[in-house]
Amino acid sequence: MALPPQLKPIQHHIRTAQEHEKRDPVVAYYCRLFAVQSGMKLDSKSPECRKFLVRLMDQLEAMKKEMSDNDSITQDVVGNAHIENYALKLFMYADNEDRAGHFHKNMIKSFFTASLLLDVLSVFGELSEENVQQRKYARWKATYIHQCLKNGETPQSGPMALEQLDEAGEDDEPGFSRGGSFSGPPLDPNPAPIGFNPAPDSSNINSIHVQPGAHAPANTPADLHPPPEAAKPVPTPRTATNLAPSSPDPQPGGFQLTPEDFTQAQKYCKYAGSALQYEDVNTAVQNLQKALRLLTTGRE
């Protein structure tokens, strides 16, 4: 079914969902959820838009049933960590390539996809200022490098000045229309513009470990933190209140864990599980250690 013109701003989020259908169904699910929520705001009354959005909703419902045992789907806090982790992996891959002066289609696509997934984080609540800056930087870099290569110019590698980013403006960046869609050729059947091949090469992405401040652009965006720590405020998982005991027993050390302590320990464990999906051992170990310390000392 063709995308109605009124819903053009969500075309790349839908494309990203299609690209990740088998690679990462969780990413596909939340991209579609974002597309539905955004599409309803754009146009939910015209017959063609209603028909398109209903079809998306049917896909979402089918995916939700299929992944009913996946914590990333059933618990917001885990889903939030999953999407942010994936987005920052893409960001770090593209940023490393940019700083090394390696300008190619996959790094452009990775910057752009990272910006789209940072959009998607809004399904869990308002974006943090850090995420907003990361999204703006990734989107600007994708556009800037794309235009340079298109014009036969050599892009300037590395971070840009904060003043330049502020002047660019998220809705006024070259190559992007209001709402964040790229003003290149249509998705299908025409070829995608340079730098926007069907999907970024993920062969090197899973080996990247996101450390605080590692390769983060100077000035903007702010220093990157491991995804589980960066999601602030962190949504409360819907099942957390059912898992925490109502009257915790005093611990051997004389302290008493509160329901909030148990909830926080659960979060650390789930963050660790999310990190292990990307073979990020360092982040998994750090979060498991935090959970153990909290449960054994009553302090973070």
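Quick caveat, the model's predicted, so the values are computed rather than measured. (Residues numbered from 1 in each chain as written. Predicted model: local features only at pLDDT ≥ 70, side-chain atom pairs only at ≥ 80, totals over all residues. Heavy atoms only, no water.)

Trainee: Would you take a moment to explain the overall build of the chain for this structure?
Mentor: A tally of regular secondary structure across the chain gives 12 helices and zero strands. Overall, the chain shows an N-to-C arrangement of helices and strands of α-α-α-α-α-α-α-α-α-α-α-α. Residue pairs in contact within the chain that sit at least 24 positions apart in sequence constitute 72% of those at least 6 positions apart. Accessible area of the chain: about 14,100 Å², with a carbon and sulfur share of 51%. (Helix = DSSP H or I, 4+ residues; strand = E, 2+ residues; numbered from the N terminus. Contact = heavy atoms within 4.5 Å. Areas by Shrake-Rupley, 256 points an atom, 1.4 Å probe, with all protein chains shown as cover.)

Trainee: Teacher, can you tell me more about the environment of Val285 here?
Mentor: Within the secondary structure, Val285 is located in helix H12 (residues 281–297). Judged by its relative accessible area of 37%, Val285 falls in the partly exposed class. It is 9.7 Å that separates the C-alpha atoms of Val285 and Cys269, two residues lying 16 residues apart in sequence. (Buried < 20%, exposed > 50% of the residue type's maximum accessible area, 1.4 Å probe, protein only.)

Trainee: What am I meant to see in the environment of Tyr144 here?
Mentor: Structurally, Tyr144 is set in helix H7 (residues 129–150). Accessibility expressed as a relative area gives 22% for Tyr144, which makes it partly exposed. Sequence-wise, Tyr144 and Gln156 are 12 residues apart; in three dimensions their C-alpha atoms are separated by 9.2 Å. Discounting chain neighbours no more than four positions away, the residues touching Tyr144 are Pro155 and Gln156.

Trainee: How should I be thinking about the nonpolar core in this particular structure?
Mentor: Most often, soluble globular proteins have nonpolar side chains that are buried together. Of all hydrophobic cores here, the largest spans 47 residues; its most connected members are Tyr29, Tyr30, Ile83, Phe111 and Leu117. For this core, the secondary structure elements donating two or more residues are helix H1 (11–19), helix H2 (25–42), helix H3 (47–66), helix H5 (76–99), helix H6 (105–120) and H7. When residues of this core are assigned to their parent elements, the largest contribution, 10 residues, is made by H2. Once residues within four sequence positions are removed from consideration, Tyr30 is found in contact with Ser72, Ile73, Gly79, Ile83, Val120, Val123 and Phe124. Within the second largest apolar cluster, six residues are counted, among which are Val78, Ala81, Tyr268 and Ala291. (Core = buried A, V, L, I, M, F, W, Y, C linked by side-chain atoms within 4.5 Å.)

Trainee: I would appreciate a short explanation of H3 in the present structure.
Mentor: Owing to its 3.6 residues per turn, the α-helix brings residues three or four apart onto one side. The end-to-end C-alpha distance of H3, which contains 20 residues, comes to 29 Å, matching closely the 28 Å that a straight helix rising 1.5 Å per residue would cover. Within the sequence span of H3, burial applies to Cys49, Phe52, Leu53, Leu56, Leu60 and Met63. Buried residues of H3, viewed axially, fall in a sector of 95°; they line one side. Facing away from the buried side of H3 by more than 90 degrees, the exposed set consists of Pro47, Lys51, Asp58, Lys65 and Glu66. Close packing links the buried residues of H3 with H1 and H2. (Expected span 1.5 Å × (residues − 1). Arc of directions from axis to C-beta.)

Trainee: Please explain H1 as it appears in this structure.
Mentor: Across the nine residues that make up H1, a large majority, eight, are buried. All of the buried residues in H1 are Gln11, His12, His13, Ile14, Arg15, Thr16, Ala17 and Glu19.

Trainee: Could you clarify how one ought to interpret the packing of aromatic side chains in this entry?
Mentor: What characterises a pair of aromatic rings is the spacing of the ring centres plus the angle enclosed by the ring planes. Under the criterion given, the structure shown has six aromatic pairs. Between the aromatic rings of Tyr29 and Tyr30, the centroid separation amounts to 5.1 Å while the plane-to-plane angle is 85°, which identifies the pairing as edge-to-face. Taking relative accessible area as the criterion, Tyr30 reaches 3% and is therefore assigned buried. Ring geometry for Phe91 versus Tyr137: centroids 6.0 Å apart, planes at 45°, classification tilted. Of this pair, Phe91 sits in helix H5 while Tyr137 sits in helix H7, and the two are 46 residues apart along the sequence. When its relative accessible area of 0% is taken as the criterion, Tyr137 is described as buried. Through pairs of rings, three or more aromatic residues link up here, namely Tyr29, Tyr30 and Phe124. (Phe/Tyr/Trp six-rings, centres within 6.5 Å; stacked < 30°, edge-to-face > 60°.)

Trainee: Explanation requested: the environment of Lys105 in the structure shown.
Mentor: The residue Lys105 is located in helix H6 in this model. For the pair Lys105 and Leu149, spaced 44 residues apart in sequence, the C-alpha separation works out to 9.6 Å.

Trainee: Please explain the packing of H5 against H7 as it appears in this structure.
Mentor: Any two packed helices are characterised by the angle at which their axes cross and by the distance between the axes. Where H5 contacts H7, the axes come no closer than 11 Å and their chain directions differ by 45°. Comparing their axes, H7 and H5 come out oblique. Where H5 crosses over H7, the handedness of that crossing is left-handed. Along the contact surface, H5 presents Glu84, Leu88, Phe91, Asp95 and Asp98, while H7 presents Asn131, Gln134, Tyr137, Ala138, Lys141 and Ile145. The class makeup of the residues in the contact of H5 with H7 is five nonpolar, two polar and four charged. (Axes fitted to C-alpha atoms, helices over the stretch in contact; angles between N-to-C directions. Parallel < 35°, antiparallel > 145°, perpendicular 65-115°, else oblique. Left-handed = near helix turned anticlockwise from the far one by under 90°. Nonpolar A, V, L, I, M, F, W, Y, C, P; charged D, E, K, R; others polar.)

Trainee: How should I be thinking about the pattern of salt bridges in this particular structure?
Mentor: Pairing between side chains becomes possible if they bear opposite charge and their charged atoms approach one another. Inspection of the entire model under this criterion finds six salt bridges. Residue Arg99 is joined to Asp95 by a salt bridge in which the shortest nitrogen-to-oxygen separation is 3.0 Å. Of the two residues, Arg99 and Asp95 are both situated in helix H5; the distance of four residues between them amounts to about one turn of the helix. With relative accessibility at 32%, the residue Arg99 sits in the partly exposed group. Asp95 gets classed as buried once you look at its relative accessible area, which sits at 0%. In this structure, Asp119 and Arg135 form a salt bridge, with 2.9 Å as the shortest nitrogen-oxygen distance. (Salt bridge = Lys/Arg side-chain N within 4 Å of Asp/Glu carboxyl O.)

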